[in-house]
Amino acid sequence: MAYDDLRDFLSALDDAGQLLRITDEVRPEPDLAAAANAACRIGDGAPALWFDNVTGFTDARIAMNVHGSWRNHALALGLPAGTSVKDQVEEFARRWDMFPVPPERREDAPWRENTVEGADVDLFRILPLFRLNDGDGGFYLDKAAVVSRDPRDPRHFGKQNVGTYRLQVTGRDRLAIQPVPMHDIALHLRAAEEHGVDLPVAITLGNDPVMTIVAGMPMGYDQSEYEMAGALRGAPAPLATAPLTGLDVPWGSEVVIEGAIEGRRREIEGPFGEFTGHYSGGRRMPVIRVDRVSYRTDPVFESLYLGMPWTEVDYLVGPNTCVPLLKQLRAEFPEVQAVNAMYTHGLAVIISTKKRYGGFAKALGMRAMTTPHGLGYVAQVIVVDEDIDPFDLPQVMWAMSAKVNPQEDVVIIPNLSVVELAPAASPAGITSKMIIDATTPVPPDVRGNFSTPARDLPETKEWIGRLQSLLGAG
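Residues numbered from 1 in each chain as written. Predicted model: local features only at pLDDT ≥ 70, side-chain atom pairs only at ≥ 80, totals over all residues. Heavy atoms only, no water.

Trainee: Mind laying out the layout of surface pockets, listing which residues take part and the relevant values?
Mentor: Roughly 850 Å³ of internal volume is contained in the largest pocket. In this structure, the largest pocket is lined by 33 residues; those nearest its centre are Glu-386, Asp-387, Ile-388, Asp-389 and Gln-395. At the level of secondary structure, the elements contributing two or more residues to the lining of the largest pocket comprise helix 4 (85–96), helix 9 (312–332), strand 19 (336–343) and helix 11 (393–403). Its residues assigned to classes, the lining of the largest pocket shows 14 nonpolar, 7 polar and 12 charged. Approximately 740 Å³ is the volume attributed to the second largest pocket. Looking at the second largest pocket, it is lined by 39 residues, and the ones nearest its centre are Thr-164, Tyr-165, His-183, His-345 and Tyr-377. Elements supplying a minimum of two residues to the lining of the second largest pocket: strand 8 (161–163), helix 6 (184–194), helix 7 (209–215) and helix 9. Partitioning the lining of the second largest pocket into residue classes produces 23 nonpolar, 10 polar and 6 charged. (1 Å grid on protein atoms, 1.4 Å probe; cavity = no way out; pocket = protein on both sides within 12 Å on 5 of 7 lines; lining within 4 Å. Points joined across faces, edges and corners; volume = space filled by probe spheres on them. Helix = DSSP H or I, 4+ residues; strand = E, 2+ residues; numbered from the N terminus. Nonpolar A, V, L, I, M, F, W, Y, C, P; charged D, E, K, R; others polar.)

Trainee: Residue-level account of unusual backbone geometry, with values.
Mentor: Leave glycine aside and you will find that most residues have negative phi; peptide bonds, for their part, are mostly trans. With an omega of 0°, the peptide bond running from Phe-99 to Pro-100 counts as cis. In this fold, Pro-100 is placed in the loop between helix 4 and strand 4 (104–105). Cis geometry is found at the peptide bond from Pro-443 to Pro-444, where omega equals 5°. Assignment of secondary structure puts Pro-444 in the loop between strand 23 (430–438) and helix 13 (460–473). Positive phi outside glycine occurs at Arg-264, with the angle close to 60°. With respect to the helices, strands and loops of the structure, Arg-264 is situated in strand 14 (residues 255–269). Take Arg-264: its relative accessible area is 65%, and that puts it in the exposed class. (Buried < 20%, exposed > 50% of the residue type's maximum accessible area, 1.4 Å probe, protein only.)

Trainee: Which residues make up helix 1 (residues 6–15), and what values go with them?
Mentor: Within helix 1, burial applies to Leu-6, Phe-9, Leu-10, Ala-12 and Leu-13. Viewed along the axis of helix 1, the buried residues span an arc of 160°, placing them on a single side of the element. Backbone nitrogen of Arg-7 and a side-chain oxygen of the N-cap are separated by 3.3 Å at the start of helix 1; the cap is Asp-5. Backbone geometry just downstream of helix 1 places Gly-17 in the positive-phi region, at approximately 75°. (Arc of directions from axis to C-beta. Polar contact = N/O pair within 3.5 Å; in protein donor to acceptor, adjacent residues only side chain to side chain.)

Trainee: Provide a residue-level description of the pattern of salt bridges, including the pertinent values.
Mentor: Within this structure, the stated rule accounts for 42 salt bridges. Here Glu-274 makes a salt bridge to Arg-166, at a shortest N to O gap of 3.0 Å. With Glu-274 in the loop between strand 15 (272–273) and strand 16 (279–280) and Arg-166 in the loop between strand 8 and strand 9 (167–171), this pair connects stretches of sequence that are 108 residues apart. Both residues of the pair, Glu-274 and Arg-166, belong to the buried class. In this structure, a network of salt bridges that share partners links the residues Asp-173, Arg-174, Asp-198, Glu-262, Arg-265, Glu-267, Arg-289 and Asp-291. (Salt bridge = Lys/Arg side-chain N within 4 Å of Asp/Glu carboxyl O.)

Trainee: If you had to explain the sheet that holds strand 18 (residues 300–303) to someone new, which residues and values would you point to?
Mentor: Read from one edge of the open sheet, 4 strands run 1-2-3-18, paired in mixed fashion. Bordering the open sheet on either side are strand 1 (19–22) and strand 18, each of which pairs with just one other strand. Pairwise comparison of adjacent strand axes, ignoring direction, gives a mean angle of 25° for this sheet. Summarising the sheet, strand 3 (residues 61–64) and strand 18 pair through 4 bridges and their orientation is parallel. Opposite Ile-62, over in strand 18, you have Phe-301 as the bridge partner. (Pairing = 2+ DSSP bridges. Axes fitted to C-alpha atoms, helices over the stretch in contact; angles between N-to-C directions.)

Trainee: Describe the packing of helix 4 against helix 9, and please don't skip the residues or the numbers.
Mentor: Packed helices, taken two at a time, are described by the angle between their axes plus the distance between the axes. With their axes 9 Å apart at the nearest point, helix 4 and helix 9 run at an angle of 55° to one another. In terms of orientation, helix 4 and helix 9 fall into the oblique class. Between helix 4 and helix 9 lies a crossing of right-handed hand. Contacts between helix 4 and helix 9 involve Val-89, Phe-92, Ala-93 and Trp-96 from the first element and Pro-319, Asn-320, Cys-322, Val-323, Pro-324, Leu-326 and Lys-327 from the second. Classifying every residue of the contact of helix 4 with helix 9 by side-chain character gives 9 nonpolar, 1 polar and 1 charged. (Parallel < 35°, antiparallel > 145°, perpendicular 65-115°, else oblique. Left-handed = near helix turned anticlockwise from the far one by under 90°. Contact = heavy atoms within 4.5 Å.)

Trainee: Account for the nonpolar core, with residues named and values stated.
Mentor: Among the nonpolar cores identified, the biggest contains 132 residues, and Leu-141 and Val-293 are the most heavily contacted of them. In terms of residue count, the dominant contributor to this core is helix 9 (9 residues). Listed in part, the 9 residues of the second largest apolar core include Ile-382, Val-396, Ala-399 and Ala-438. (Core = buried A, V, L, I, M, F, W, Y, C linked by side-chain atoms within 4.5 Å.)

Trainee: Before we move on, can you summarise a nonpolar patch on the surface with the specific residues and values?
Mentor: A grouping of Trp-463, Leu-467 and Leu-470 is seen on the molecular surface, where their side chains present a nonpolar patch of about 320 Å² in accessible area. The residue Leu-470 is located in helix 13 in this model. For Leu-470, a relative accessible area of 58% translates into the label exposed. (Patch = residues over 30% accessible without salt bridge, like charges linked within 9 Å, V, L, I, M, F, W, Y side chains within 5 Å. Areas by Shrake-Rupley, 256 points an atom, 1.4 Å probe, with all protein chains shown as cover.)

Trainee: Residues and numbers for the packing of aromatic side chains, please.
Mentor: Scanning all chains against the criterion turns up 12 aromatic pairs. Residues Phe-157 and Tyr-226 carry aromatic rings whose centres are separated by 6.2 Å and whose planes lie at 35° to one another, so their mutual orientation is tilted. Of this pair, Phe-157 sits in the loop between strand 7 (145–148) and strand 8 while Tyr-226 is found in helix 8 (residues 225–233), placing the two residues 69 residues apart along the sequence. Under the relative-accessibility criterion, Phe-157 is labelled partly exposed at 24%. Arg-21 extends its terminal NZ or CZ atom over the ring of Trp-50, reaching a point 5.6 Å from the ring centre. Over the face of the ring belonging to Trp-251 we find Arg-106, whose NZ or CZ atom lies 5.0 Å from the ring centre. (Phe/Tyr/Trp six-rings, centres within 6.5 Å; stacked < 30°, edge-to-face > 60°. Lys NZ or Arg CZ within 6 Å of the ring centre and 35° of its normal.)

Trainee: Tell me about the sheet that holds strand 13 (residues 248–250), and please be specific about residues and values.
Mentor: On the basis of which strands lie adjacent, the open sheet formed by 3 strands has the order 4-12-13 and mixed pairing. Since the sheet does not close on itself, it has two edges, and those belong to strand 4 and strand 13, each with one partner. Direction of pairing for strand 12 (residues 238–241) relative to strand 13: antiparallel, over a ladder of 3 bridges. Note on strand 13: the bridge partner recorded for Thr-241 is Asp-248.

Here it is in structure tokens:
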């Protein structure tokens, strides 16, 4: 099932018993974030949370933890709630191959119901803002989809980027944005500043669940997130035109904020409790001037808690990081079987592969670090044999313990790029990266004593099915 907006998905979660309505009056701080933090600690079946009785806010409707479990993630893709993680990733990969699916343009977008412009813009009045961690430097929009175009090629639909970036509310009509240098919006901003112009942006809040997934996906620079959303939805993504900037935005958004990143202007932003499980300090970041806000009547404000994993962001970006890496690597190395990039947005990655020759695994690890996502993330790569499931950590740890000779199988490469938020980076944005080759050596690499492996009995797979059937019947 394809959901056209957040409200449709919340209704589906409610029908599936995956939406918990909190009817008691709660404080905006710390209750909202603490509840979302707690939801991620109660298991992979945690529900989304709905709050509509928040102290100090009139008629606020707040959704948290919408993608914050594998059950919710499955439902977002239109799969049965009980679909396994491995099966979700495999289905994600299958749908990836349907890309591109052109979007569908619609009129009468629901967010056109209310509009404020110019001096009347006041984000503090429109949005029920609250801090997510007690050390945050202010209020953040952390689940928005930000739309921008390449100013050098504005008519190229694929170069129009839809990305998720942290946004700090610094004034009634001001936001600070952190454009990671490896991300597309940073390239757009650099081009705009080189030409001495501002960069128009549209910021959309409360989007359909697949749009939120693709906004955090590491795609090619000229690949359209909207066309990928269509592939993942199994139906064209509905779009509308933002009236001030002319940018393409999701038809079903709750709020659309239009304005521009002001060229060559920087202000202090942060700190913020990040996906790494650590606070990032204050840094000078670009500033967005807000010129127009359009919103649905009684908009649903969607936010997510992030901090020490696992939190909602890990469910949200896990599969959509695994699959692009898998596809990009397999295009050059067809031996690659699976990629697990679930950990801290792919700062650590586990890859299973066949080998063509000795040293193959190390070469594959280096290529993973130079993919579009790997340039800014992928700091540690573990490569295992094709018969190891990279999503089964006991198997991975067995390969690590039995097949790694640290002197020859651990490669350290100094002074490579990494996202500035990586806590271990020194200085920020620079780190050493590591490849651990936990594969069985093949000629001409003839090290070790791996000639007589003990493998699963041929009948094991059949018995797995029989035992699962018997357990289910009981």
